[in-house]
Amino acid sequence: MIAIIGGTGLTALEGLALTESVEVNTPYGRPSAAIEKGELNQSLVYFLARHGKQHSLTPHSVNYRANIWALQSLGVTHVIGVNAVGGIHSNMGPEVIVIPDQIIDYTWGRESSFSSEGNVIHADFTYPYSMSFRQTLITAAKKAGVAVIEGGVYGATQGPRLETTAEINRLEKDGCDIVGMTAMPEAILARELKLKYANISLVVNMAAGRSEGLITMEDIQQVLDVGMVNIRKLLALAIVD
Ligand code: HPA
């Protein structure tokens, strides 16, 4: 069973024939929202709005552990995280979709493990995304006629503020291609619970200092409106029971 965690611009899944809305309690507290179960393209899927239905949770206050734990408790085996990101690499401008294959984690102070005293987990994270599930998404994109960049390094920053130009210069030197605020700890928590996890990132702006002018929410919103249409097309073909 596949679940989609929708980020900014994807708080609801158009075309999802809702059959159930599930409130899950977890040992880590409540997930960001009720988890919606429905049919997309004749397949069952769960959907969770990462920032809540009203988009009220900041990237650092999302209860990532509750979200991932709740999905697993419902029998989910595969998770697609959808994120809006800034582009650092010159090929990765607004409206480009990236299926990243690596992550550098710059976040701090987030609950980022299910480890507890007496149960220390040292999960292998060499390949932070499931390579086979990434391939499924790439194949779905091809079938849907949606262009994607097959690989890239996602730099996960703390937010909620955007970065300075110097910070983006540093991320670029580190090898980051895109920058966002929510890839971590979502990916490692999914790995700890042995879920197959992959990410679809929509570039909604050039990162700080990579374009003329400032980054405005109005510009971002316009790109989100256009780009999410393609993401929805891709998702519809990626979901298989
Ligand atoms: N930086 C960090 N996160 C983001 C950006 C950005 O430029 N755009 C969308 N999410």
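Note that this is a predicted model, so its numbers are computed, not measured.

Turning our eyes to something else, we now look at the environment of Val 22. Examined against the element boundaries, Val 22 turns out to sit in strand E2 (residues 17–22). C-alpha of Val 22 to C-alpha of Leu 237: the two residues are 215 residues apart in sequence and 24 Å apart in space. Val 22 has contacts with Ala 34, Ile 35, Tyr 46 and Leu 74, leaving out every residue within four places of it along the chain.

In this section: the site of the ligand. Within the structure, the ligand sits among Ala 84, Val 85, Gly 86, Leu 162, Glu 163, Val 179, Gly 180, Met 181, Val 204 and Asn 205. Between a nitrogen atom of the ligand and a side-chain N or O atom of Asn 205, the distance comes to 2.6 Å. About the coverage of the ligand: the protein hides 92% of its 260 Å² of free accessible area. Taken together, the residues of the shell around the ligand break down into six nonpolar, three polar and one charged.

An α-helical turn contains 3.6 residues, so a residue and the one three or four places further along point in the same direction. Taken across its ten residues, helix H1 (residues 64–73) has seven buried, putting it largely inside the fold. Of the residues making up H1, those classed as buried are Tyr 64, Arg 65, Ala 66, Asn 67, Ile 68, Ala 70 and Leu 71. Packing partners of the buried residues in H1 comprise strand E1 (2–6), strand E3 (35–40), strand E4 (43–49), strand E5 (78–87) and helix H4 (186–192). Within two residues after H1, Gly 75 carries a phi angle of roughly 95°, on the positive side.

What follows deals with the packing of helix H2 (residues 131–144) against helix H5 (residues 217–238). Helices that pack against each other are described as a pair by the angle of their axes relative to one another and the distance between those axes. The N-to-C vectors of H2 and H5 enclose an angle of 115°; their axes lie 8 Å apart at closest approach. For the crossing formed where H2 meets H5, the hand is right-handed. Along the contact surface, H2 presents Thr 136, Leu 137, Ala 140, Ala 141, Lys 143 and Ala 144, while H5 presents Lys 233, Leu 234, Leu 237 and Ala 238. The residue inventory of the contact of H2 with H5, partitioned by class, reads seven nonpolar, one polar and two charged.

Counted according to the given criterion, the structure contains seven salt bridges. Measuring nitrogen to oxygen at the nearest pair gives 3.7 Å for the salt bridge that ties Arg 65 to Glu 111. Of this pair, Arg 65 sits in helix H1 while Glu 111 sits in the loop between strand E7 (102–105) and H2, and the two are 46 residues apart along the sequence. You can call Glu 111 exposed: its relative accessible area is 52%. For Glu 150, the salt bridge identified is with Lys 142, shortest N-O distance 3.3 Å. By relative accessible area, which is 45% here, Glu 150 ends up partly exposed. A relative accessible area of 58% places Lys 142 in the exposed class.

Definitions and limits used
- Residues numbered from 1 in each chain as written.
- Predicted model: local features only at pLDDT ≥ 70, side-chain atom pairs only at ≥ 80, totals over all residues.
- Heavy atoms only, no water.
- Helix = DSSP H or I, 4+ residues; strand = E, 2+ residues; numbered from the N terminus.
- Contact = heavy atoms within 4.5 Å.
- Near = heavy atom within 4 Å.
- Polar contact = N/O pair within 3.5 Å; in protein donor to acceptor, adjacent residues only side chain to side chain.
- Areas by Shrake-Rupley, 256 points an atom, 1.4 Å probe, with all protein chains shown as cover.
- Nonpolar A, V, L, I, M, F, W, Y, C, P; charged D, E, K, R; others polar.
- Buried < 20%, exposed > 50% of the residue type's maximum accessible area, 1.4 Å probe, protein only.
- Axes fitted to C-alpha atoms, helices over the stretch in contact; angles between N-to-C directions.
- Left-handed = near helix turned anticlockwise from the far one by under 90°.
- Salt bridge = Lys/Arg side-chain N within 4 Å of Asp/Glu carboxyl O.

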